[in-house]
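Read off the chains here:
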Amino acid sequence: MASAFPEKSSTPRLLSRERLKSFSLLPSRFLKEKFLNVKKKVSNGLPSVLQKQSLFQVSPPELVFENFATQEVSEMVLSLVNKDKFPRPVKVSMERSPHFELMCPNDVFHIVPPGTSSPLRIRFTPDEMKNYCHELVCLTARERIVVPIRAIGARAILHFPDQLDFSECPVKYSTQKTLLVHNIGNLAADYQLSTQSPFSVVPARGTLGAGDTMQVTVEFHPLTIGDHSGSLAVCCNTGEKSIQTNLHGEAVDANIGLSTYSVKIGKTFINTSNYTTMFIENRSNITAHFQWKTFPTEEDENEEKRRQCCLLQPLTEVPPDNFIEEEDTEQEEGSSEDHTALLSYMVQEEMEKVQEDPMLFSDDIFSIEPMEGEIKPNCSAEIKVTFKPLEALGYLSVAYCSISGRESRLPLRLRGQGQGPLVELSCRALNLGNIFVNTTYVYEPSLGISWEASCKSA
């Protein structure tokens, strides 16, 4: 047969405003936010009143302290510009904080002449390398302007790609890609990586020092053909939201098949054996691992394992009355419980064996060898099918080849005919000739195996 191939606080906090969002970021967007120039942040700040309507202009609209050192004092200047034609009072206040200090009278009114600015100095004294946030409130007769104050400390930033594409990959086969991850931050990262099937990642957790690099292996092992998507979530000990790398892969059937899907073995005498050969042909560029199975699908295998475990389960529920005789013999209290515990342990062992059973092909009449193995790219494996009938009957069985690179198991139909012995008489006709009445005559024609049968048996 021809081959067929078919996942407002009064004290500084670690939480930044971005972290309040529940969704995760792509790595590139995360880096863009973290390394956004302070001037850009200033231009993007939003006071509580639109600039065109406000009598005062705050510059900058947000204060950001960066690259600070522990116990080292830093200062930034905030300017209040009166855009009106008349002097205007403004009340400047900032709640008490051990880290931020307003270097002018707090919670008092300041008169700002028209067209001029009033500088305000804010002092920052960190006690550890972490993120801080606070706010300054400017209150006028018409408006309330809130100026966010943030301090960005040392952080760990792992550089991951936005997307990892596996493109086309063989189904039921592991395809791996290695990422070189760099900690471009200035703090060691205690990271945790997670994803969803059919994707996996190694290592799943660890520590990467500032400026160091490491290799991360992402594996794609699809069990069904078609498109598969997931995400690689990266969580660090920075207290910030996680980032996610999009994962995508397409699973396809590899160019692997059987040289024939039906094997017929000629007539074979009972208790003798006959065999034929066929091939598993691997015309792909992967090393394929194969196993000959009894069941057509993995679901059928699991169902059979559940059935066998259910048969074992009642053994653990044997009533203690069954052990009364042994109790009387041993004269030991609690011996029944000991036997029950032992029986339960033995049943548990048997259940584990059932779960570990690969369910390879097993048949009293047909046998296949080798039962499992590997086939290198663009190579084939010779398979020997042996037929040993027990009766003069026709036999039919099916073996299923589970092989990496193919979604479904490949069926191999096995047929054979058992043949009884072929015998013949020594003579085809017996001539008795002339015989006398009331006289006994004895003739002994012999019965033997035919020459054809003898040859085949040999």
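Below is a summary of the structure that appears in this document. (Residues numbered from 1 in each chain as written. Predicted model: local features only at pLDDT ≥ 70, side-chain atom pairs only at ≥ 80, totals over all residues. Heavy atoms only, no water.)

## Brief notes about the sheet that holds strand 9 (residues 144-152)
Threshold: Pairing between strands is defined by DSSP: at least two bridges between them are needed. A run of H or I in DSSP becomes a helix once it reaches four residues, and a run of E becomes a strand once it reaches two; helices and strands are each numbered from the N terminus. To get an axis, fit a line to the C-alpha atoms, keeping to the stretch in contact for a helix; angles then go from 0 to 180 degrees between the N-to-C directions.
Strand order across the open sheet formed by five strands is 2-9-8-4-6, with mixed pairing between neighbours. The open sheet terminates on both sides in strands that have one partner only, identified here as strand 2 (63-66) and strand 6 (108-112). When the angles between neighbouring strand axes are averaged without regard to direction, this sheet yields 25°. Here strand 4 (residues 88-93) runs beside strand 8 (residues 132-139); their pairing, made up of three bridges, is antiparallel. Following the sheet pairing, K91 is matched in strand 8 by L139.

## Examining the pattern of salt bridges
This is how the line gets drawn: For this analysis, a salt bridge means a side-chain nitrogen from Lys or Arg found within 4 Å of a carboxyl oxygen belonging to Asp or Glu. Relative accessibility decides the category of a residue: with a 1.4 Å probe and only protein chains considered, values under 20% of the type maximum give buried, values over 50% give exposed, and everything between is partly exposed.
All chains considered together, the criterion is met by 13 salt bridges. Measuring nitrogen to oxygen at the nearest pair gives 3.2 Å for the salt bridge that ties K91 to D107. One end of the pair, K91, is in strand 4; the other, D107, is in the loop between strand 5 (100-102) and strand 6, and 16 residues separate them in sequence. Under the relative-accessibility criterion, K91 is labelled partly exposed at 22%. A cluster of three or more residues bridged by salt bridges with shared partners is formed by E75, R121 and R123.

## What about the nonpolar core?
Threshold: Buried Ala, Val, Leu, Ile, Met, Phe, Trp, Tyr and Cys residues form a nonpolar core when they are joined through side-chain atoms within 4.5 Å. Note on contacts: a residue pair qualifies if any of its non-hydrogen atoms lie within 4.5 Å across the two residues.
Core analysis: the biggest nonpolar cluster contains 28 residues, and L258, I280, F290, W292 and I403 have the highest contact counts within it. Mapped onto this core, the elements with two or more residues apiece are strand 19 (256-258), strand 20 (262-269), strand 21 (274-282), strand 22 (288-293), strand 23 (366-369), strand 25 (379-387), strand 26 (394-403) and strand 27 (410-419). Among residues more than four places away in sequence, those in contact with I403 are I256, I280, A288, H289, F290, I375 and L410. Formed by 24 residues, the second largest nonpolar core is a distinct cluster that contains L80, V90, V92 and F124.

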